[in-house]
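Observations on the model geometry
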Amino acid sequence: MSAAKNININLKIWRQKNAKAKGSMETYKLDNVSTASSFLEMLDQLNEELVNEKKEPVAFDHDCREGICGMCSLYINGRAHGPDTGTTTCQLHMRKFNDGDTIFIEPWRSKAFPVVKDLVVDRSSFDRIQQAGGFVSVNTSGNTIDANATPINKGDADKSFEAAACIGCGACVATCKNGSAMLFVGAKVSQYALLPQGKVEATERVLNMVRQMDEEGFGNCTNTGACEVECPKGISLENIARMNREYLSASLKG
Amino acid sequence: MAKSTMLKSSIAKKVAMALSGLFLMLFLAQHFFINMTSVFSPDTFNSISHFMGNNPLVQYVIQPILIVGVIFHFIMGFTLDLKNRNARPVSYVKFDGAANSSWASRNMIISGSVVLAFLGLHFYDFWFPEMIYKYVDVNALEPTRYFHELAEKFESPVRTGLYCFSFLLLSLHLWHGFNSSFQSVGANNKFTKASHKFGYAFAIVIPFGFIFIALFHHFNH
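Residues numbered from 1 in each chain as written. Chains lettered and ligands numbered in written order. Predicted model: local features only at pLDDT ≥ 70, side-chain atom pairs only at ≥ 80, totals over all residues. Heavy atoms only, no water.

Quick notes on the overall build of chain B
A tally of regular secondary structure across chain B gives 9 helices and 0 strands. Going from the N terminus to the C terminus, chain B shows its helices and strands as α-α-α-α-α-α-α-α-α. Counting over 221 residues, chain B shows a buried share of 45%. Restricting to contacts in chain B with at least 6 residues of sequence separation, those with at least 24 account for 80%. Put simply, chain B shows about 11700 Å² of open surface, and 73% of that area lies on carbon and sulfur atoms. (Helix = DSSP H or I, 4+ residues; strand = E, 2+ residues; numbered from the N terminus. Buried < 20%, exposed > 50% of the residue type's maximum accessible area, 1.4 Å probe, protein only. Contact = heavy atoms within 4.5 Å. Areas by Shrake-Rupley, 256 points an atom, 1.4 Å probe, with all protein chains shown as cover.)

Some details on the overall build of chain A
Along chain A, the regular secondary structure elements total 9 helices and 7 strands. Expressed as lengths along the three principal axes of its C-alpha atoms, the size of chain A is roughly 60 × 45 × 40 Å. Taken across its 254 residues, chain A has 52% of its residues classed as buried. Of all intrachain contacts in chain A linking residues separated by at least 6 positions in sequence, the fraction that spans at least 24 positions is 68%. Chain A carries 29 positive and 31 negative side-chain charges, and their two centres are separated by 4 Å. (Lys, Arg positive; Asp, Glu negative; His and termini not counted. Charge placed at Lys NZ, Arg CZ, Asp CG, Glu CD.)

Observations concerning the UniProt feature "transmembrane region" (unreviewed entry) in chain B
Residue and element names in this part refer to chain B. As recorded in UniProt, the feature "transmembrane region" (unreviewed entry) lies at residues 57-82, 103-124, 160-178 and 198-219. End-to-end, the C-alpha atoms of residues 57-82 are 36 Å apart, and along that stretch the chain is 100% helix and 0% strand. Structurally, residues 160-178 comprises 100% helix and 0% strand, and the distance from its first C-alpha atom to its last is 26 Å. (UniProt positions renumbered as here; feature names shortened; annotations may be inferred.)

Side note on a nonpolar patch on the surface
Residues and elements named next belong to chain B. On the surface, F23, L57, Y60, V61, I62, I65, Y124, F128, I132, Y135 and V136 cluster together to form a nonpolar patch covering roughly 1100 Å² of accessible area. Relative to the helices and strands, Y135 resides in helix 6 (residues 108-136). The exposure class of Y135 is partly exposed, given its relative accessible area of 40%. (Patch = residues over 30% accessible without salt bridge, like charges linked within 9 Å, V, L, I, M, F, W, Y side chains within 5 Å. Salt bridge = Lys/Arg side-chain N within 4 Å of Asp/Glu carboxyl O.)

Focus on the sheet that holds strand 4 (residues 79-80) of chain A
Residues and elements named next belong to chain A. Pairing is mixed in the open sheet, where 5 strands are placed in the order 2-1-5-3-4. Across the chains shown, the open sheet's two edge strands, defined by having one partner strand only, are strand 2 (24-34) and strand 4. For strand 1 (residues 6-15) and strand 2, the ladder comprises 9 bridges, and the chain directions are antiparallel. Its bridge partner being in strand 2, L11 is matched across the sheet by Y28. (Pairing = 2+ DSSP bridges.)

Here's the deal with the packing of helix 8 (residues 157-184) of chain B against helix 9 (residues 192-220) of chain B
If you want to describe how two helices pack, look at the angle between their axes and the distance between the axes. It is at 8 Å that the axes of helix 8 of chain B and helix 9 of chain B come closest, and there the two elements cross at 175°. In terms of orientation, helix 8 of chain B lies roughly antiparallel with respect to helix 9 of chain B. (Axes fitted to C-alpha atoms, helices over the stretch in contact; angles between N-to-C directions. Parallel < 35°, antiparallel > 145°, perpendicular 65-115°, else oblique.)

Overview of the side chain of B:E130
Residues and elements named next belong to chain B. Relative to the helices and strands, E130 resides in helix 6. Residue classification places E130 among the buried residues on the basis of a relative accessible area of 13%. For E130, the contacting residues outside a window of four places in its chain are R145, Y146 and E149.

Examining the nonpolar core
Residue and element names in this part refer to chain A. Ranked by size, the top nonpolar core spans 42 residues in total, and within it F126, V185, F218 and M243 carry the most contacts. With 6 residues, the top contributor of residues to this core is helix 5 (residues 182-193). Both domains that meet at this core, namely domain 1 (6-116) and domain 2 (123-253), each give it at least three residues. Aside from chain neighbours lying at most four places away, what touches F126 is F113, G168, G170, C172, V173, A181, F184 and F218. (Core = buried A, V, L, I, M, F, W, Y, C linked by side-chain atoms within 4.5 Å. Domains from an automatic or database assignment.)

Considerations on the pattern of salt bridges
This structure, assessed with the given rule, holds 19 salt bridges over all chains. When the shortest N-O distance is used, the salt bridge between A:R65 and A:D44 registers 2.8 Å. Here the residue A:R65 occupies a position in the loop between helix 1 (39-52) and strand 3 (75-76), and A:D44 occupies one in helix 1, the gap between them amounting to 21 residues. A residue is classified by how much of its surface remains accessible, and A:R65, at 26% relative accessible area, is partly exposed. Between A:E201 and A:R205 there is a salt bridge, with its nearest N and O atoms 3.9 Å apart. Look at the salt bridges and you will find they share partners, linking B:E130, B:K134, B:R145 and B:E149 into a network.

Notes on the pairing of strand 1 of chain A
Sheet topology places strand 1 of chain A next to strand 5 (residues 102-106) of chain A; 4 bridges connect them, and they run parallel. Bridged to A:I13 within strand 5 of chain A is A:I105.

Let's talk about the domain arrangement of chain A
Residues and elements named next belong to chain A. The domains assigned to chain A are domain 1 (6-116) and domain 2 (123-253). On a C-alpha basis, the centroid separation for the pair domain 1 and domain 2 is 29 Å. Taken together, the 23 residues of domain 1 in the interface contact 19 residues of domain 2. Counting the surface lost from both domain 1 and domain 2, the interface buries some 1500 Å², and carbon and sulfur atoms represent 55% of this. At the surface where domain 1 touches domain 2, the tally comes to 2 salt bridges. Along the contact surface separating domain 1 from domain 2 lie 7 residue pairs in polar contact (both at pLDDT 80 or more). In the side of domain 1 that touches domain 2, the residues fall into 9 nonpolar, 10 polar and 4 charged. (Buried area = accessible area lost by both parts, 1.4 Å probe. Polar contact = N/O pair within 3.5 Å; in protein donor to acceptor, adjacent residues only side chain to side chain. Nonpolar A, V, L, I, M, F, W, Y, C, P; charged D, E, K, R; others polar.)

Brief notes about the packing of helix 2 (residues 10-40) of chain B against helix 8 of chain B
All names here are of chain B. Their axes nearest at 9 Å, the elements helix 2 and helix 8 cross at an angle of 130°. Relative to helix 8, the element helix 2 is oriented oblique. Note on packing geometry: the crossing formed by helix 2 with helix 8 is left-handed. On helix 8, the residues that touch K14, V15, A18, L22, M25 and L28 of helix 2 are L170, L174, G177, F178, S181, F182 and S184. Across the contact of helix 2 with helix 8, the residue classes tally to 9 nonpolar, 3 polar and 1 charged. (Left-handed = near helix turned anticlockwise from the far one by under 90°.)

As structure tokens, this is what we get:
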């Protein structure tokens, strides 16, 4: 790995006071950014400068900064989570940029993800989809059966685990030209549909989750495959096909 | 769940779009094979065209189904596109779609609109005159007229150029549409790799075959 150096960059960042305000792109110049710093640390550096200048810092979402919580977002230079694939914004480093670069930073754009402030969006539509059916009902009155006591085909277990890796960051919606949430919902449906514990409520689950997804105002999937490319957890399009099968089968039963 | 709710769902619309697309691709394939006979044997082309143009099953059952399928596919395509545009009321200032998806997949509405415009021209050239010939003027059956009617149309370089351009856009539409339709109906399995290859071959062979036929008649008659 090459040694860290300092670069000077130009930033074009979406600024919006609140959900109702009209936002716009603002330009900032930021000098002496270490290429060893993460993208979010670069924004921290910008915010420190803005605070020192008695200006409003840029609001952006972040939490674990380890690529696992799904809290960070940001549409960077026209791509969800920036130029790397398989990476969240918090795991993106400034070594991916060059001295003198102009970097565009925008919030996720979706009717179902309204902007709260600056780069922060409200992703509670994902929570409501989960609440509509993304769970397995378990009797916790003392009669719970250990999950390991139920034999599960290795292939199904692996696919379920891969689907469960979805962190719900919303990059799939952000990058999809249609603003579709089908990769997220497909992963959440698949995660349970593949396991015997999830099959009991499979019919209601897929019908309720898809209904909620449609009510939230997400677009329709046209299979461009952009979501799969930009997903930081590598969730496969296979999950959307499985959801489609589950939905058709559940509709005929229901 | 009420069936009416199911039919309004995004997935049901996707499936309907895919099934109508698959049906139209089947039609396209048979149209291609019939037209290809015009290159090798005008007599065979005339015989098949006469059969297709006068068989009651083709005329009164398959043809109306086909027209409904075409209209449904286009109306559904525009409806879904409108809904998808509404799902992102504020556009990105910078959007790098080419970084993660093909032009063909992102612009189905453009390629589809060109194909729709082409269908208007194609109907004006062949279908309307055929309907007038048979059902308005009620002319006598002439089993040998089809090849001449076809060759005559491709005398014009403008028309031939428009047909070739439309087939290029059709190729792009099929490049994404063929494989997308299988994904939409839930077919993503061990056969997907092979079906993708077949889909790409279909998207090249059929439209470029039509281009070959148009150019053949333009330069040979």
